[in-house]
Amino acid sequence: MNKLISVFLALLMLLGISVSALAWTYDADSKTLTVCPHEDITLTVEGPAAASFAQITVTGSAEGNTTAKPSSASDSKTVFKVPFSASKGAADGSAFKVTFQYYDADKQDLGKDATYTVRVVDNMKQTAAVAATCTSVGNPNYYTCSICGKHFADVAGKQALSSKDLVTEKTDHHWVANGVQFKCSLCGAITTENVSGKTDNFTGFMKKDGKYIYYVNGNRSSASSDVVYGTINGSTGWYYIEKGVFTKTTTIAKNAHGWWRIENGKVNFKYNGIGHNGYGWWKCKNGKVDFSYNGIAHNENGWWKCSNGRVTFKETGVYKNENGWWFCEHSKVKFNYNGLASNQFGTWVIKNGKVNFKYNGKYRYNKVNFTVKNGKVV
Ligand SMILES: [Zn+2]
Ligand SMILES: [Zn+2]
């Protein structure tokens, strides 16, 4: 790699010299420039006004003598760009001289004072290898040049390493099923998420690609739908799955133990209303469909006559619950109904949807007079 690093040697009428460089060092007293053999560089030499300079010659470089023409010039200064390849042929720790000789247009030597020592050093610092674990990254054995800062696999500096090469990735955890979770046998970490290792005997949810997958004894659940016990986001409970994947929905769903009220994918054991699924509306008791229920219960849509736990929407008549007897039409209590209605026990006076057992006397309905005793037509 031919990286160009400019080193400024400002030749001010054979007087002062200044050097600016990154990790390189220049000692003004001994006129020694310290470099390493890992990078090719370009020396930038600035001299006085253009009229004075035609070329400079560098002797003693690894590439042999080099003659450079001005690369730019102005009334105030002249700039020479001189390739200098310390990486080519320079022995470790060797020293050699670069002499800048410069002439005017008439080839008259203007001075030989610009002689420098370039010292090539090979100062490698070793970093010992550190093994990666399942909780921390490691690194290989490598060497870092104190001059250019580059990293190498070998102390000779032949095999360069990128910063990426300096890190070895964490090793995999070794997951072992631990109840409804996994435990790493190496570091003790516990998870149910993104497990890529051993899954034998695991029963519970594992998070993969943003989804919670349910496993039974290490195998992904194959049921089209189910209500299963597990832990999601640290919360343990009964969850609804479709094709093995946690599904955040609100419905009534069944498992081997019954039908359950699901809210946002999780069984709500406090639910006592009438929930809905694709098959109908169902009376629930403590989150479970109560197929023995035959009363009148309510949900957010009203009060409903239930038969064997289900709203049939077909029942019209007078039905009872713990609060009284009620007139229902298509299974729904009609609180705005006033009139007569019948069931298998007789015909009744209904006031605001409810049988009025206190009614006695004449009752006129549909232009007909009836006699009523304790709410019942006699
Ligand atoms: Zn170096
Ligand atoms: Zn681990």
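About the cut-offs
- Residues numbered from 1 in each chain as written.
- Chains lettered and ligands numbered in written order.
- Predicted model: local features only at pLDDT ≥ 70, side-chain atom pairs only at ≥ 80, totals over all residues.
- Pairing = 2+ DSSP bridges.
- Helix = DSSP H or I, 4+ residues; strand = E, 2+ residues; numbered from the N terminus.
- Buried ≥ 20, exposed ≤ 12 C-beta atoms within 10 Å, placed from the backbone.
- Contact = placed C-beta atoms within 7 Å.

## Looking at the pairing of strand E35 (residues 339-343)
Bridge analysis of E35 against strand E36 (residues 346-351) gives five bridges, and the strand direction is antiparallel. Residue Asn343 lies in a different strand from E36, and its bridge partner there is Gly346. Taken together, E35 and the strand that follows it, E36, pair antiparallel across an intervening segment of two residues.

## What to know about the environment of Ala132
Positionally, Ala132 belongs in the loop between strand E11 (124-127) and strand E12 (142-145). Look at Ala132 and you get partly exposed, because 14 C-beta atoms sit within 10 Å. Once the C-alpha coordinates of Ala132 and Thr171 are considered, the two residues, 39 residues apart in sequence, prove to be 6.3 Å apart. Once residues lying within four places of it in the same chain are set aside, the contact partners of Ala132 are Val137, Gly138, Thr168, Glu169, Lys170 and Thr171.

## Considering the sheet that holds strand E13 (residues 151-152)
Within a sheet, neighbouring strands are paired by backbone hydrogen bonds and run either parallel or antiparallel to one another. With antiparallel pairing, four strands are arranged side by side in an open sheet as E11-E12-E13-E14. Across the chains shown, the open sheet's two edge strands, defined by having one partner strand only, are E11 and strand E14 (160-161). Pairing analysis gives two bridges linking E12 to E13, with the strands arranged antiparallel. Within the sheet, the bridge partner assigned to Tyr143 lies in E13 and is Phe152.

## Examining the pairing of strand E39 (residues 368-373)
Of all six residues in E39, zero are buried, a share of ten percent or less. The pairing of strand E38 (residues 361-365) with E39 spans five bridges and is antiparallel. Bridged to Tyr365 within E39 is Val368. Between E38 and E39, which pair antiparallel and follow one another directly, the connecting turn spans two residues, one of which, Asn366, has a positive phi of 55°. As paired strands, E39 and strand E40 (residues 376-377) are joined by two bridges and run antiparallel to one another. Paired with Lys373 across the two strands is Lys376, which belongs to E40. Here E39 folds back onto E40 in antiparallel fashion, the turn holding two residues, of which Asn374 has a positive phi close to 50°.

## So, the environment of Met124
Structurally, the position occupied by Met124 is in strand E11. A tally of 19 C-beta atoms within 10 Å means that Met124 is categorised as partly exposed.

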